[in-house]
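# Survey of secondary and tertiary structure
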Amino acid sequence: MTGLTRRSFLGASVLAVAGVATGCSSSSDNVGSAGGGGATESLDWWDHFSSFKHLNNDWAKTQSSAMKTNVAHTYYDASKATQALQLAHQANKMPDVYSNVVGLPLPALVSGKWVHEVTLPADVKSKLPKDAFTEGITQLDGKLYGFPMFSLQQSSTLVWVNKDHFTKAGLDPDNVPSDYAAFKDALNKLKSAGLQPLTLAIGADGGRIRDQVDDMAQTAGFPGYQGLQFTTGEYAYHHDAYVTVIEYLKELNDDKLIMPGSNNFGVVDARTRYASGAVAAFIDGIWCAGGSKALAPPIVDKIASGQVLVPTAGMNAWCYRGRPSAAYFVSADSKNPDAAGKLIASFMSDDYQNGMIEAMDQPPLNLDLVASSKAIDAYKKAVEFCKANVFLMPQAIVKNPAQASVDALRKPVTPHVGNIVQGYLSGSIKDLKAELKKLSDATAADRAQALQKAKASGAKVSEDDYVFSDWKPGQDYAGAK
């Protein structure tokens with residue numbers, strides 16, 4: 001999608017913003033419902049989950065009959081979804097139900113009349129974890145606006161490989177190298193075997209590589225998320241961990257181990273190369289198996305997975321994410337919000353949950369369902385890695401829900417990490433650390449202006465809300481809630 005990625009699902013980010021990027025080649029695909037007998041109402045449902053495309057098409061038909069409402073499902077490619085919703089919002093023609101790609105914090109979505117309160121039956125609420133709903137992230141002033149569906153224990157930065165290519169190069173696809181030196185050695189062996197070693201989605205708006213650098217910085221020792229250090233509340237994109245990660249990517253690029261053109265590839269471009277067998281390895285999210293299957297079904301039997309890379313062997317590949325963010329909203333334009341809420345509630349049924357897992361996109365809130373599912377071993381392995389290595393992080397908005405007013409006043413800071421990676425790999429940026437320091441300063445300044453404005457409007461907020469001196473690595477944060 002334009003300007004955003006999956007970062008809210010992966011972290012309910014520091015700003016509690018939303019965004020998701022998955023990929024399929026077509027820009028949109030509208031599937032009218034089967035229109036159950038006697039249906040007198042209609043619902044439009046848009047999303048950008050490529051791995052769920054067929055599941056959601058079928059589910060629209062099923063729910064059309066069950067709800068006696070014509071449910072029309074439209075899939076939008078991630079790169080087109082945000083613009084489509086923006087245009088629909090301007091025209092007051094938003095779909096009744098839509099996925100979380102707009103990129104605004106919840107208070108701004110509410111004040112901007114993007115969303116309608118969601119009403120869920122008690123039995124559906126009972127299926128959700130106790131902490132699934134968070135003030136400022138999925139609800140505001142006690143009202144539910146966003147429906148969470150995905151586990152926080154996931155990653156955008158796993159290593160996915162082609163079994164056949166690895167075997168041809170004398171490598172074991174069941175033991176993908178996990179540290180920088182060993183992984184680079186494997187890429188060189190693939191290159192020597194006449195294979196294209198690696199691709200990444202570095203291009204487009206730089207959103208995907210930004211998220212992946214954030215992940216790899218954590219496994220390189222950065223004690224925070226998206227540049228924000230947990231214990232001090234300070235922005236430090238210029239931390240050595242970020243420099244280490246970006247220097248490594250440049251090393252791979254300079255040694256021609258990254259596929260030519262990757263600096264311009266969006267998610268769909270890069271994943272298509274992997275799914276078609278044109279490249280041996282691809283750094284992508286936990287949803288790669290499902291996204292690749294949607295693009296080229298024959299790839300499924302050739303998929304193997306590895307963990308987030310670490311700089312040196314033996315380092316812990318620990319990552320940190322925030323409370324689950326919204327996956328779906330009901331539009332403020334909806335003429336039938338009650339039915340829209342029922343459609344969303346149906347996503348918690350056993351049939352839909354099992355369909356989600358088999359589609360192998362983002363894992364559901366209950367990860368225990370995955371082991372006995374029909375998902376491939378590579379996906380199950382990726383889920384197990386995330387269960388063991390992704391921990392709940394501290395968040396200012398959880399500590400002080402009034403921080404929602406600050407988030408609503410934050411502005412996108414550019415160039416962001418992804419843009420800096422693009423510039424550094426292309427050679428247009430020479431002094432990496434200086435550029436990262438500028439980003440740290442600019443992000444801190446943006447937070448300061450938002451805090452000042454929020455305080456002026458009466459919000460009881462402080463920079464201290466971002467300080468978690470009791471945070472410890474390698475465990476879920478159980479402090480201020």
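Residues numbered from 1 in each chain as written. Predicted model: local features only at pLDDT ≥ 70, side-chain atom pairs only at ≥ 80, totals over all residues. Heavy atoms only, no water.

## Digging into the overall build of the protein chain
In terms of regular secondary structure, the protein chain is built from 18 helices and 17 strands. Radius of gyration (C-alpha) of the protein chain: 21 Å, near the 23 Å computed for a compact globule of 481 residues. On the principal axes, the C-alpha backbone points of the protein chain span a range of 65 × 55 × 40 Å. Across the 481 residues of the protein chain, 61% fall into the buried class. At a minimum sequence separation of 6, the contacts of the protein chain that also span at least 24 residues come to 78%. Side chains of the protein chain give 46 positive and 49 negative charges; the mean places of these two sets differ by 2 Å. (Helix = DSSP H or I, 4+ residues; strand = E, 2+ residues; numbered from the N terminus. Rg over C-alpha atoms; globule rule 2.2 N^0.38 Å. Buried < 20%, exposed > 50% of the residue type's maximum accessible area, 1.4 Å probe, protein only. Contact = heavy atoms within 4.5 Å. Lys, Arg positive; Asp, Glu negative; His and termini not counted. Charge placed at Lys NZ, Arg CZ, Asp CG, Glu CD.)

## Focus: the side chain of S99
Summarising the element assignment, S99 is placed in strand β4 (residues 97-99). Residue S99 is classed as buried on the basis of its relative accessible area, which comes to 2%.

## A look at the sheet that holds strand β10 (residues 198-199)
Ordered in space as β10-β13-β9-β14, the 4 strands form an open sheet in which the pairing is mixed. One side of each edge strand has no neighbouring strand; the edge strands of this open sheet are β10 and β14 (303-306). In the sheet, strand β9 (residues 158-162) pairs with strand β13 (residues 281-284) via 4 bridges, with the strands oriented antiparallel. The partner of V161 across the bridge, within β13, is A281. (Pairing = 2+ DSSP bridges.)

## Some remarks on the pairing of β14
Residues I303 and S305 line one face of β14 and the alternating positions A304 and G306 line the opposite face, and both faces are buried. As defined by bridge partners, β9 adjoins β14 across 4 bridges and the pair is classed as antiparallel. Bridge assignment links W160 to a residue of β14, and that residue is S305.

## Brief notes about the packing of helix α17 (residues 417-426) against helix α18 (residues 432-456)
The relative placement of two packed helices is expressed as an angle between their axes plus a distance between the axes. Two elements in contact, α17 and α18, have axes whose closest approach is 11 Å; the angle formed by their N-to-C orientations is 160 degrees. Between α17 and α18, the angle is such that the two are roughly antiparallel. Pair α17 / α18 crosses with right-handed handedness. Note on element contacts: α18 touches α17 through L432, E435, L436 and L439, opposite V417, I420 and Y424. (Axes fitted to C-alpha atoms, helices over the stretch in contact; angles between N-to-C directions. Parallel < 35°, antiparallel > 145°, perpendicular 65-115°, else oblique. Left-handed = near helix turned anticlockwise from the far one by under 90°.)

## Some details on the packing of aromatic side chains
What the rule picks out here adds up to 21 aromatic pairs. When the ring of W45 is compared with that of Y328, the centres are 6.4 Å apart and the planes differ by 70 degrees; the resulting orientation is edge-to-face. Placement of W45 in strand β2 (residues 41-47) and of Y328 in strand β16 (residues 328-331) is noted, with a sequence separation of 283 residues between them. With relative accessibility at 0%, the residue W45 sits in the buried group. Under the relative-accessibility criterion, Y328 is labelled buried at 1%. Connected via pairs of aromatic rings, a cluster forms that spans W45, F49, F52, W59, F150, Y328, F347 and Y352. We note K250 situated over the ring of Y424; from NZ or CZ to the ring centre the distance is 5.5 Å. Against the face of F468 rests K399, its NZ or CZ located 4.8 Å from the ring centre. (Phe/Tyr/Trp six-rings, centres within 6.5 Å; stacked < 30°, edge-to-face > 60°. Lys NZ or Arg CZ within 6 Å of the ring centre and 35° of its normal.)

## Here's the deal with the nonpolar core
Ranked by internal contacts, the top residues of the largest apolar core, which has 95 residues, are W160, L198, V213 and V421. The biggest single contributor to this core is helix α9 (residues 240-254), with 8 residues. L43, L128, A327 and A340 belong to the second largest nonpolar core, which has 33 residues in total. (Core = buried A, V, L, I, M, F, W, Y, C linked by side-chain atoms within 4.5 Å.)

## Focus: helix α10 (residues 267-275)
Listed as buried for α10 are V267, V268, A270, R271, Y274 and A275. Each buried residue of α10 sits inside an arc of 165 degrees when the element is viewed along its axis, so together they form one side. The secondary structure elements touched by the buried residues of α10 are β9, β10, α8 (207-219), β13, α11 (288-295) and β14. Two residues or fewer past α10, G277 is found with a positive phi of approximately 90 degrees. (Arc of directions from axis to C-beta.)

## Concerning the confidence of the model for the protein chain
Looking at the protein chain, the pLDDT average stands at 90 and 91% of residues meet or exceed 70. Note that pLDDT drops below 50 for residues 1-27; the model gives that stretch 153 contacts with residues more than four away or on any other chain. Long-range and interchain partners of residues 33-37, a stretch whose pLDDT sits below 50, account for 14 contacts in this model, where long-range means more than four residues apart. (pLDDT = per-residue confidence, 0-100.)

## A closer look at the pattern of salt bridges
What the rule picks out here adds up to 15 salt bridges. Between K433 and D240 there is a salt bridge whose closest N-O contact spans 3.0 Å. One end of the pair, K433, is in helix α18; the other, D240, is in helix α9, and 193 residues separate them in sequence. Exposure remark for K433: the relative accessible area of 38% places this residue in the partly exposed category. One salt bridge connects E384 with K387, and the closest N-O pair in it is separated by 3.8 Å. One end of the pair, E384, and the other, K387, are both in helix α14 (residues 377-389), 3 residues apart, so they sit about a helical turn from each other. Residue classification places E384 among the partly exposed positions, given a relative accessible area of 43%. Beyond isolated ion pairs, a larger network of salt bridges with shared partners links K184, E251 and D255. (Salt bridge = Lys/Arg side-chain N within 4 Å of Asp/Glu carboxyl O.)

## Remarks on the packing of α9 against α17
Across the interface, α9 lies against α17 with an axial gap of 10 Å and an inter-helix angle of 40 degrees. Taken together, α9 and α17 sit at an angle that is classed as oblique. Remark: the crossing between α9 and α17 carries right-handed chirality. Between α9 and α17, the contacting residues are Y242, I246, E247, L249, K250 and N253 on the first element and V417, V421, Y424 and L425 on the second. Residues belonging to the contact of α9 with α17 are distributed by class as follows: 7 nonpolar, 1 polar and 2 charged. (Nonpolar A, V, L, I, M, F, W, Y, C, P; charged D, E, K, R; others polar.)

## A few points about helix α13 (residues 350-359)
For α13, the set of buried residues is Y352, Q353, G355, M356, I357 and A359. On the buried face of α13, the contacting elements are α2 (53-67), α11, α12 (337-346) and α14. Positioned one or two residues after α13, M360 has a phi angle of 60 degrees, which is positive.

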